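Coordinates in review
Listed below are the residues making up each chain.
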Amino acid sequence: MNNDNPNIIFNPLISSIQKVVLYETRSRLYLVGSNNRETRFRLLTIDRLALNRLIIEENANELNSLEIRRFVSSLTGSPKVTSAYGVLGFVRFLEGYYLILVTKRKCCAHIGMHLVYTIKDTVMVRVNEVTSQRPPHPHEERYKRMFQNIDLRSNFYFSYSYDLTRTLQYNESAPRYVGAKVNLERDEPLPDWNKLTNNVAQAHERVDYAFRSDSRKRFVWNAYLLKPMEVIMLKDWLLEVTHGYVSQSCISIFGRHVNVCLIARRSTRFAGTRFLKRGANFRGDVANEVETEQIVSDGQRLCAFTQMRGSIPSHWSQDISKMVPKPPIQLDICDPYAQTPSRHFERLLFHYGAPLIMLNLVKKRERRKHESIISKELQNSIKYLNQFLPPQHRMKHIHFDMARQSRLSGGNVMEQLAVHAASMIQMTGMFYKAHRGSELSFQTGIVRTNCVDCLDRTNSAQFAIGKCALGHQLERLGFVKSAKLEFDSDCVTMLEHLYEEHGDTLALQYGGSQLVHRIKTYRKTAAWASQGNDVMQTLSRYYSNTFSDTEKQQSINLFLGLYKPSFNKLNQPIWELQTDYDMHNAFVPSTSIAPITDWVRHKVRECLPFPCADTNKLVKELFRVHSNGLEMIDAFSNYHQSFKWTDLSEHIEFEISQLATRYMPTFRTNYSPFQRQIQPSRKGRQNPSMTGQSSTGSTNSNSSSSSEGEDSSSDEELSASFAEKESKQTETAEPAPFTLASMLPPMEEVYGCTISPPSKQSMAIYKKYVQMGKLSSGGAQPGQTAVAQREQELAQMMRGITLRPLGDYGTDSYLSVWPPSVPAKSLLVYAEYCKTPRNFNAVPKFEESDLLYSYFQKLENTQGNLTGDASILMKSKIVDRAIAVV
């Protein structure tokens, strides 16, 4: 976007701090950062004697390996050494600062040649040494434990070269503004890239620019921890992490691998747990806001589709003081002019463009008003705000009572959702990028899905939209003729597993349990045994919401810096506060003089339907580079890492390519991933972060795995309807027993052969072979067998058998090679070859002309006896021989 010139290339800067080593002494902490090759080094010094203060000294010079070795050897004593892969930041409670480092990482995905890592382990190091003899503050350890309840090993991600907080479409757009603080209304943008001459010698000469992206702080979970490091000049020290879900899988299309990556970004604004964070705050930030991006790549081309989920943007809540399964829904504040929804929707128009499509899955008809209260509020807000938008850019509201349709419809709900999904994707489009100079397409607008909790029903609906989007992505890449994909095909099964993990992970983070109703439940293909699992997940969620959500919410507030501990008497400890309402609803007086009806800024309105954020991309740094092979922008070397040994099983591309066979049936006759297959019951790939505790889980919580919300009354009615239908089917029809003969085709039909028992002669040979192996290895108990007896058995076994070595390979290895011995005859031939003159193009000497003349005489005499092709062949041979002699 903003750049149709194929000769101008924008490259993101690759961080020069990818490895960190911490040296601890009594007076100082030394942070030594290096690039991936460990050839360039940077140094930070932290004073440990400063009481309750953080003093960081940065060495402005870049050091080489020799200089850094001299520095390390100059350290007195025996400093404690900690190896890490990045600095997450600093945090302070009541007494001194703590340094947080990433000590273990794992590559989980790649976008093009940009690697994405997940945090596997961290360490927390005390910065300020305790110099006084007084005991530590009693609340210090409690705050530290509360902070560590945020499990950084669970679903936190980062990248050294790719901005995970932004969509692929934004990252591929051309920069228009440069700087930390830019006002889009008043500041002047950069010149038009399409009209820029770039001062090149040739018209089609390539020009490379390097830029440092400006991350979207809404999705940076350690932004508060990085604030003490903002004074550092080299911004590569700042490692920003996101929270949510990242996973990648693969489709094998007749041997060609196509990668599918799913990225979910959880917002830090109005973040919290299920019943404690509902609706929205005054700034328009909604609870459980997650942006999900689906990226499909075949190695050269990229295609991305973005959707999101979030609570209904109104001031509503549920009273949890009474221990009831479904607390009543109530509107806390009346908003007749829809000011809170307008702030939320204006932000969506800024980042995603128009149209905004609201897929509302909340109940509409109820005997006793419950979900319909907030459903009507959303519908009224959209109807009111649409009055002040141009007709072509107005918001779309699609109401789909998923629980009612599941209960009443004869077919499964996914077919009805697929119809809505197809029309929505046609309205928004998707981002597509091929090779340099090819035409791009952009996504304008976004699909926003919500139910009550934005968990069970929302995840199934997002899967239906993602399935339809995947069909259009594969069609755009040229792999299928029709965008309609069949259920139970390898392709859709792979995507279903991704969205199941996606839903489980997000549900665990917000609701305290895994999904209660899964995609198979709404497809009506779930087994009867899964009903028991649904009940267990409902109980787990209820326990988590009742007993541990408060402590989890306090941990989130402390981690994000919404609550800052202090010695001030007016500042109560966080566990004594009755509510955190003021933390998430800070009053900021409005300075805008625009009327309430003008709820969309002029800059945003003039960019529609395109997103204003992508059209006016902001970067922190931008400069021209005169070579695309510089380490700071060389994504190829950063991805392949050809400078070190890498185990093939640890390479992300190899690992993802093996996933193509995970969802394939073992026996099959049709290898197309787009046709319906017999899917065996096999255990899906387990999300490594689902260890039974949420990433925001408290130490007192033993809630099981994932997260989410049961979407109030609809869940129980849905379970009851499914159980009733399945029981009727069980009574009417007795299923036939499953055998290998009934499920799989015969081996002779597939492979052209059958398995038969071996003959007696073959078994005798095999037994001899086994005994030879036992004797050569010493047998099971070599100490109990006499030497004479072993020799006798060996002689008996070797009777009639002659073993000859096939070759002598010596003792050569990759460490050392002995030079081979060359025969004297070969040396003589080589010496004669070296005497042969090399000047073939030189004019022959006078004495050599006689020899050449004699060859031509022979040629004349021979031609008299040969005719046709034989004469020509003989002539060419004599000429070649004459030239060789000369």
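Below or above, wherever it landed, is the structure these notes cover. (Residues numbered from 1 in each chain as written. Predicted model: local features only at pLDDT ≥ 70, side-chain atom pairs only at ≥ 80, totals over all residues. Heavy atoms only, no water.)

**Remarks on the pairing of strand E22 (residues 446–450)**
Of all 5 residues making up E22, 5 are buried, and the element is well covered by its neighbours. Neither face of E22 is exposed, since Ile446, Arg448 and Asn450 on one face and Val447 and Thr449 on the opposite face are all buried. In this sheet, E22 lies alongside strand E16 (residues 302–309) in parallel orientation, the contact comprising 3 bridges. Across the sheet, the residue bridging to Gln307 is Val447, located in E22. Summarising the sheet, strand E19 (residues 356–360) and E22 pair through 5 bridges and their orientation is parallel. Across the sheet, the residue bridging to Met358 is Arg448, located in E22. (Buried < 20%, exposed > 50% of the residue type's maximum accessible area, 1.4 Å probe, protein only. Helix = DSSP H or I, 4+ residues; strand = E, 2+ residues; numbered from the N terminus. Pairing = 2+ DSSP bridges.)

**What to know about the sheet that holds strand E4 (residues 41–47)**
In space, the 5 strands of this open sheet follow the order E5-E4-E3-E2-E6, with antiparallel pairing throughout. Looking along the sheet, the strands with just one partner apiece sit at the ends: strand E5 (56–58) and strand E6 (80–84). Sheet twist, expressed as the average angle between the axes of neighbouring strands with direction ignored, equals 20°. One ladder, built from 6 bridges, connects strand E2 (residues 19–24) with strand E3 (residues 28–34); its direction is antiparallel. When the sheet's bridge partners are listed, Val21 is paired in E3 with Val32. (Axes fitted to C-alpha atoms, helices over the stretch in contact; angles between N-to-C directions.)

**Focus: the packing of aromatic side chains**
Under the definition given, this model contains 22 aromatic pairs. Arranged with centres 4.8 Å apart and planes meeting at 75°, the rings of Phe10 and Trp193 form a pair that is edge-to-face. Within this pair, whereas Phe10 is found in strand E1 (residues 8–12), its partner Trp193 is found in the loop between strand E11 (175–178) and strand E12 (207–213), the two being separated by 183 residues in sequence. An identical accessibility class is assigned to Phe10 and Trp193; each is buried. A connected cluster of aromatic rings, assembled from ring pairs, spans Phe93, Tyr98, Tyr143, Phe147, Phe156, Trp221, Phe559, Tyr563 and Trp575. Just above the ring of Tyr117 sits the side chain of Arg105; from NZ or CZ to the centre is 4.4 Å. (Phe/Tyr/Trp six-rings, centres within 6.5 Å; stacked < 30°, edge-to-face > 60°. Lys NZ or Arg CZ within 6 Å of the ring centre and 35° of its normal.)

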